[in-house]
Amino acid sequence: MNAIANLLSSGFPEFRIACTVDSVLTVAADIEVLARFGRALADPIRCRILLALREAPAYPADLAEALDVSRTRLSNHLACLRDCGLVATVPDGRRTRYELADERLGHALDDLRTAVVAVESDRTCADADDKGCC
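Residues numbered from 1 in each chain as written. Predicted model: local features only at pLDDT ≥ 70, side-chain atom pairs only at ≥ 80, totals over all residues. Heavy atoms only, no water.

Colleague: Can you break down the confidence of the model for the protein residue by residue, with the values?
Modeller: Residue-level pLDDT values for the protein average 79, and 69% of them are 70 or greater. In the predicted structure, residues 1–25 sits below a pLDDT of 50 and forms 34 contacts with residues beyond four places in sequence or in another chain. (pLDDT = per-residue confidence, 0-100. Contact = heavy atoms within 4.5 Å.)

And the structure:
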C-alpha cells in the first residue's frame, strides 16, 4: 500500500471548516478543507488578504486601500474566502469587519509561509499552461 493510500485509510488529523449549506451549518471533511485552503491560496490577492487579516481584523475599504485593489475586486475575493470558510464577517454598526474564521488559520499561514519549498529554477508545473500553476 503506498503512503497516500495508507494515510487515507488511517484518516487525517482533525481539520474542519464550518460551512453553511441551505442555512444549515455543517463541518467540511478533511480533504475538502485542504481543497478549500488550496483554492484560497491559489490567487496572490487572496493570499495578501489572508496575511493582512492574520495581522488584524479589517474593513473592506481599509483592505482595498492597503492592498491597492479596487473595492469591487476585493469584494469578489472576500466572497471567495467566505465561501471557502476561511474568513468571517462581524457586523459593526453599519459596517462589516472581516477576520480569519479561526485563529489557527493564522498559525497555518505562518507555517506555510516559512516552509521550505524545493523548486528547480528551470521547471514549471506540468499543467502550468492550462491552469496557471506555479
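Colleague: Describe the packing of aromatic side chains, with residues and values.
Modeller: In this description, an aromatic ring pair is defined by two values, namely the gap between the centres and the angle between the planes. Counting across every chain of the model gives zero aromatic pairs. Here Arg 95 stacks its cationic end above the ring of Tyr 59, 3.7 Å away from the centre of that ring. (Phe/Tyr/Trp six-rings, centres within 6.5 Å; stacked < 30°, edge-to-face > 60°. Lys NZ or Arg CZ within 6 Å of the ring centre and 35° of its normal.)

Colleague: Explain helix H3 (residues 44–55) to me, using residue names and the numbers behind them.
Modeller: Counted at 1.5 Å a residue, the expected span for H3 with its twelve residues is 16 Å, and the 17 Å between its end C-alpha atoms agrees. Buried residues of H3: Ile 45, Arg 46, Ile 49, Leu 50 and Leu 53, and no others. With its buried residues spanning 140° around the axis, H3 presents them on a single face. Of the exposed residues in H3, those oriented more than 90 degrees away from the buried face are Pro 44 and Glu 55. Capping the start of H3 is the job of one residue whose side-chain oxygen sits 2.8 Å from the backbone nitrogen of Ile 45: Asp 43. (Helix = DSSP H or I, 4+ residues; strand = E, 2+ residues; numbered from the N terminus. Expected span 1.5 Å × (residues − 1). Buried < 20%, exposed > 50% of the residue type's maximum accessible area, 1.4 Å probe, protein only. Arc of directions from axis to C-beta. Polar contact = N/O pair within 3.5 Å; in protein donor to acceptor, adjacent residues only side chain to side chain.)

Colleague: Hey, could you go over the pairing of strand S4 (residues 95–100) for me, with residue numbers and the actual values?
Modeller: With six bridges joining them, strand S3 (residues 87–92) and S4 adopt antiparallel strand pairing. What sits directly across from Thr 89, in S4, is Tyr 98. Connecting S3 to the antiparallel partner S4 that follows it, the hairpin turn spans two residues, and Gly 93 within it adopts a positive phi of roughly 65°. (Pairing = 2+ DSSP bridges.)

Colleague: Can you explain unusual backbone geometry? Please cite residues and give values.
Modeller: The phi angle at Asp 68 is positive, at roughly 55°, despite the residue not being glycine. Counting through the fold element by element, Asp 68 comes out in the loop between helix H4 (60–67) and helix H5 (71–83). Classification of Asp 68 as exposed rests on a relative accessible area of 70%.

Colleague: Before we move on, can you summarise the side chain of His 77 with the specific residues and values?
Modeller: Following the sequence through the fold, His 77 ends up in helix H5. Classification of His 77 as buried rests on a relative accessible area of 9%. Of the polar contacts made by the side chain of His 77, one reaches the side chain of Arg 46; its length is 3.3 Å. Those residues in contact with His 77 that lie beyond four places of it in its chain are Asp 43, Ile 45, Arg 46 and Ile 49.

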